[in-house]
Amino acid sequence: MERTFVMVKPDGVQRALVGEVIRRFEAKGFTLVGLKMVQVSRELAEKHYDVHRERPFFGSLVNFIISAPVVAMVWEGKGVIAAARKIIGATNPLNAEPGTIRGDYGVDIGRNLIHGSDAPETAAQEVSLWFGDELANWEPTIKPWLYE
């Protein structure tokens, strides 16, 4: 099964949307294998956003992610990376489809509530960075009802 990293950013935590995010992923049938609330250090934030280091918005990304707690998660399931991207919606909430998290709750690109890995390589890197070996390995009893 594929795994992906999902993070409810400070604005999503402050707006009490963590439960809604979890509900949507659970309702889709994905398995939660990692979950923690974190006050992100500057070092972790800079590592997470390293791909943007040379961009002019790097500093504001880092400052925002360390401004309040985030909820970091790892979800598992068939096609979970692509499905998570659809559940989350377009980066700019003004372009996000209704029914997506950003489409339903987002109002500004700088406060778009949630992060999700965009590719298998990114997911592996982010899961390792945020969770190391802290993941639960379990099999939900519903699995045979989801997959052949």
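By convention here, each chain's residues receive numbers from 1 onward along its written sequence. For this predicted model, a pLDDT threshold of at least 70 governs which residues receive local features, and a threshold of 80 or more governs which side-chain atom pairs are given and counted, while totals over whole chains, interfaces and linings are taken from all residues. Computation of side-chain values: all heavy atoms of the structure, hydrogens and water removed.

Participant: Before we go on, may I ask you to explain the nonpolar core in this structure?
Facilitator: A general trend in soluble globular proteins is that nonpolar side chains are found buried together. Core analysis: the biggest nonpolar cluster contains 23 residues, and Phe25, Met73 and Trp75 have the highest contact counts within it. Secondary structure elements are taken from DSSP: a helix is a run of H or I of four residues or more, a strand is a run of E of two residues or more, and numbering for both begins at the N terminus. When residues of this core are traced back to their parent elements, those giving at least two are strand E1 (2-8), helix H2 (18-28), strand E3 (70-77) and helix H5 (80-88). Leaving out residues up to four positions away in the same chain, Met73 has contacts with Thr4, Phe5, Val6, Val8, Val21, Ile22, Leu32, Gly34, Leu35 and Phe131. With 18 residues, the next largest nonpolar core counts Ala45, Val62, Val70 and Val74 among its residues. Only buried residues count toward a nonpolar core. Its members are Ala, Val, Leu, Ile, Met, Phe, Trp, Tyr and Cys residues joined through side-chain atoms within 4.5 Å. Relative accessibility under 20% of the residue-type maximum defines a buried residue, over 50% an exposed one, and the middle range a partly exposed one, all with a 1.4 Å probe and only protein chains included. Only heavy atoms enter the contact rule, under which two residues are in contact if any of them lie within 4.5 Å.

Participant: In this structure, what is going on with the sheet that holds E1? I would like to understand it.
Facilitator: Sheets are built from strands that pair by backbone hydrogen bonding, the pairs being arranged parallel or antiparallel. A pair of strands is labelled paired if DSSP reports no fewer than 2 bridges between them. Read from one edge to the other, the open sheet built from four strands follows the order E2-E3-E1-E4, with strand pairing classed as antiparallel. Unpaired on one side and paired on the other, strand E2 (31-38) and strand E4 (114-116) mark the two borders of the sheet. Pairs of neighbouring strands in the sheet enclose a mean axial angle of 15°, with direction left out of account. In this structure, E1 lies alongside E4, joined through three bridges in antiparallel fashion. Bridged to Val8 within E4 is Ile114. Fitting a line to C-alpha atoms yields each axis, with helices limited to the stretch in contact; the angle taken between N-to-C directions then spans 0 to 180 degrees.

Participant: Quick question: what am I supposed to make of unusual backbone geometry here?
Facilitator: Most peptide bonds adopt trans geometry, and most residues besides glycine take a negative phi value. For Ala16, which is not glycine, the phi dihedral falls at a positive 60°. Tracing the backbone shows Ala16 in the loop between helix H1 (10-14) and H2. Here the phi dihedral of Leu113 falls at roughly 75°; this positive angle occurs in a residue that is not glycine. With respect to the element layout, Leu113 can be found in the loop between helix H6 (101-105) and E4.

Read these as geometric descriptors, not functional statements.
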